[in-house]
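Examination of the molecular architecture
Now for the letters of each chain:
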Amino acid sequence: MSNSISLPQGLNDSVESIGMSNGLTSVFIEVLSISGSILANTNREKELMIWIAQRDQSIVGMGTVSFDIDEMPWTIDHFSVEKSFMLKVILRAIDGLGWEKLSYEPHQEFIISALKQFYSMIEVFTQEHVNMESYIEWTEIEEGDNRPTIPIGYPKCEKHDVYLTCHGCVLCNSEV
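To start, this report covers the structure provided alongside it.

Digging into the environment of Val162
Its location among the elements puts Val162 in the loop between α6 (132–139) and α7 (170–175). For the pair Val162 and Ser35, spaced 127 residues apart in sequence, the C-alpha to C-alpha distance is 8.7 Å. Each residue touching Val162, except ones within four places of it in the same chain, is listed here: Ser33, Ile34, Ser37, Pro155, Lys156, Cys157, Cys169 and Leu171.

Here is the structure:
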């Protein structure tokens, strides 16, 4: 099984989709979650990082975390700020920000290549391709849901200092 990240129709010829093994996908999600958790200041930035961390294969299943860039919870009103933040998160992940929190040594060549390709995808993604329905659907709280998609108050893992999702900590989950 493998996972892919793609651009939406109309942009998919701009940058090739990323195809990743399950192992590379886990590292990809984890290093972005670490970098973003260190850099996020606003609620929107925290939400973007929670969305990324929710692509946790150890919980949702191997080979099931493929997505298109327009499925990310972008907002039209704050898109340029959100895009700048994501690009910064990716660059800092490429630099190894927070990698010491990982319980393993990632294969740098593979992860850096995937992160650079992701950077190129975010770079060409434009506000006109934002799908606000993705954000609205993702943030809806179901009645009786005691584990909302976005944990109230944006708590972080005490051990890894990354934002928790409704699935817990992406790093703790991978250590089990």
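Still more to cover.
Observations concerning the sheet that holds strand β2 (residues 18–21)
As summarised here, the arrangement of the three strands in space is β2-β1-β3, forming an open sheet in which the pairing is mixed. In the strand order of this sheet, the two ends are held by β2 and β3 (67–68), each with one partner. Two elements, strand β1 (residues 2–6) and β3, share two bridges in a ladder whose sense is parallel. In the strand pairing of β3, Ile5 is matched with Phe67.

Thoughts on helix α1 (residues 22–39)
Structural remark: α-helix, 3.6 residues per turn; residues separated by three or four positions point the same way. Taking 1.5 Å per residue as the helical rise, α1 with its 18 residues ought to reach 26 Å, and the 26 Å between its terminal C-alpha atoms agrees with that figure. Counting buried positions along α1 gives 15 out of 18 residues, so the element sits mostly inside the fold.

A closer look at the pattern of salt bridges
Tallying each qualifying case throughout the model produces four salt bridges. Measuring nitrogen to oxygen at the nearest pair gives 2.9 Å for the salt bridge that ties Glu82 to Arg44. Note that Glu82 is positioned in helix α4 (residues 79–94) and Arg44 in helix α2 (residues 43–53), a separation of 38 residues in sequence. Neither residue differs from the other here; Glu82 and Arg44 are each classed as buried. Lys159 is the partner of Glu175 in a salt bridge, and the nearest nitrogen-oxygen pair spans 2.9 Å. Remark: Lys159 occurs in the loop between α6 and α7 and Glu175 occurs in helix α7; sequence separation between them is 16 residues. When its relative accessible area of 32% is taken as the criterion, Glu175 is described as partly exposed. Each of Arg44, Glu47 and Glu82 takes part in salt bridges that share partners, so that together they form one network.

Notes on the packing of aromatic side chains
Scanning the model with the defined rule gives five aromatic pairs in all. Between Phe28 and Phe118 the ring centres are 5.2 Å apart and the planes differ by 75°, which places this aromatic pair in the edge-to-face class. You can see Phe28 sitting in helix α1 and its partner Phe118 sitting in helix α5 (residues 108–124), a full 90 residues away along the chain. On the numbers, 5.3 Å between centres and 70° between planes, the contact of Trp74 with Phe79 is edge-to-face. In this structure, Trp74 and Phe79 share a single accessibility class: buried. A connected cluster of aromatic rings, assembled from ring pairs, spans Trp74, Phe79 and Phe125.

Observations regarding the state of the cysteines
According to the stated counting rule, one finds zero disulfides in the structure shown. Its sulfur unpaired, Cys166 is 13 Å from the next cysteine sulfur, which belongs to Cys169. By relative accessible area, which is 17% here, Cys166 ends up buried. Counting only cysteine sulfurs, Cys157 is the nearest neighbor of Cys169, a cysteine outside any disulfide, at a range of 3.7 Å.

As for α5
A rise of 1.5 Å per residue sets the reference length of α5, with its 17 residues, at 24 Å; its end C-alpha atoms lie 24 Å apart and thus fit the reference within 8%. Buried within α5 we find Ile111, Ile112, Ala114, Leu115, Phe118, Tyr119, Met121 and Ile122. Here the buried face of α5 lies against β1, β2, α1, β3 and α4.

Cut-offs and rules
- Residues numbered from 1 in each chain as written.
- Predicted model: local features only at pLDDT ≥ 70, side-chain atom pairs only at ≥ 80, totals over all residues.
- Heavy atoms only, no water.
- Helix = DSSP H or I, 4+ residues; strand = E, 2+ residues; numbered from the N terminus.
- Contact = heavy atoms within 4.5 Å.
- Pairing = 2+ DSSP bridges.
- Expected span 1.5 Å × (residues − 1).
- Buried < 20%, exposed > 50% of the residue type's maximum accessible area, 1.4 Å probe, protein only.
- Salt bridge = Lys/Arg side-chain N within 4 Å of Asp/Glu carboxyl O.
- Phe/Tyr/Trp six-rings, centres within 6.5 Å; stacked < 30°, edge-to-face > 60°.
- Disulfide = S-S within 2.5 Å.

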